[in-house]
Amino acid sequence: MVNHGGGTIPLGIVGVFAPDLTLLIGPSGTHEPGQLTRGRVPGYNLVHRPIAPLLWLVVCVLLPDAPGTALFTFGLAWLLHISLDRALGYGLRTADGWQR
């Protein structure tokens, strides 16, 4: 990110933290500690599957160089987030919001 400068640094930082915003977005409801509300599970699972950032990276390769580099960095950071979650034991959620 440092070598490319410009928007790569902020987009890289956003890419690491943005997937967890799905913990806050969506219908709320009753839940127990460690459980995600049912309304938030589909969004959480969608952005925590590696296929989404991989498709993003493919699209970025096809873009012109200037915006493509920063957006590619975002995709790499997103993939890093998913990898770190899996390495730390946080995977996808079941339909009722528990860790699988």
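What you see is a predicted model, and the numbers here were worked out from it, not measured in a lab. (Residues numbered from 1 in each chain as written. Predicted model: local features only at pLDDT ≥ 70, side-chain atom pairs only at ≥ 80, totals over all residues. Heavy atoms only, no water.)

Caption draft 1: Structural detail: the confidence of the model for the protein. Here the protein shows a mean pLDDT of 88. Residues at 70 or above account for 98%. Within the protein, helix α2 (residues 41-47) carries the highest mean pLDDT (93), whereas helix α4 (residues 65-87) carries the lowest (88). (pLDDT = per-residue confidence, 0-100. Helix = DSSP H or I, 4+ residues; strand = E, 2+ residues; numbered from the N terminus.)

Caption draft 2: Spatial organisation of the packing of aromatic side chains. By the definition in use, this model includes three aromatic pairs. Here Phe-74 and Trp-78 contribute two aromatic rings whose centre-to-centre distance is 5.9 Å and whose plane-to-plane angle is 55°, an arrangement assigned as tilted. Of the two residues, Phe-74 and Trp-78 both sit in helix α4, four residues apart, roughly one turn of that helix. Trp-78 shares its class with Phe-74; the two are buried. Across the ring face of Tyr-44, the terminal group of Arg-93 is positioned such that the distance to the ring centre comes to 5.3 Å. (Phe/Tyr/Trp six-rings, centres within 6.5 Å; stacked < 30°, edge-to-face > 60°. Buried < 20%, exposed > 50% of the residue type's maximum accessible area, 1.4 Å probe, protein only. Lys NZ or Arg CZ within 6 Å of the ring centre and 35° of its normal.)

Caption draft 3: Expanded view of helix α3 (residues 51-62). Look at α3: 17 Å from first C-alpha to last across 12 residues, which is about the 16 Å you get at 1.5 Å a residue. The set of residues buried in α3 consists of Pro-53, Leu-57 and Cys-60. Projected down its long axis, α3 shows its buried positions confined to an angular sector of 60°, all on one face. In α3, those exposed residues whose orientation departs by more than 90 degrees from the buried face are Ile-51, Leu-55 and Leu-62. (Expected span 1.5 Å × (residues − 1). Arc of directions from axis to C-beta.)

Caption draft 4: Representation of a nonpolar patch on the surface in the model. A contiguous nonpolar patch, built from Met-1, Val-2, Ile-9, Ile-13 and Phe-17 and spanning about 520 Å² of accessible area, is present on the exposed surface. If you trace the backbone, Ile-9 turns up in helix α1 (residues 8-17). What makes Ile-9 partly exposed here is its relative accessible area of 35%. (Patch = residues over 30% accessible without salt bridge, like charges linked within 9 Å, V, L, I, M, F, W, Y side chains within 5 Å. Areas by Shrake-Rupley, 256 points an atom, 1.4 Å probe, with all protein chains shown as cover. Salt bridge = Lys/Arg side-chain N within 4 Å of Asp/Glu carboxyl O.)

Caption draft 5: Quick peek at α1. Looking only at α1, the buried set comprises Thr-8, Gly-12 and Gly-15. Down the axis of α1, the buried side of the element spans an arc of 60°, and every buried residue falls inside it.

Caption draft 6: Here's a closer look at the environment of Arg-40. Along the chain, Arg-40 turns up in the loop between α1 and α2. Sequence separation between Arg-40 and Val-14 is 26 residues, and the spatial gap between their C-alpha atoms is 20 Å. In contact with Arg-40, other than residues within four places in its own chain, are Thr-22, Leu-23, Leu-24, Ile-25, Gly-26, Pro-27 and Ser-28. From its side chain, Arg-40 meets the backbone oxygen of Leu-23 in a polar contact 3.0 Å long. (Contact = heavy atoms within 4.5 Å. Polar contact = N/O pair within 3.5 Å; in protein donor to acceptor, adjacent residues only side chain to side chain.)

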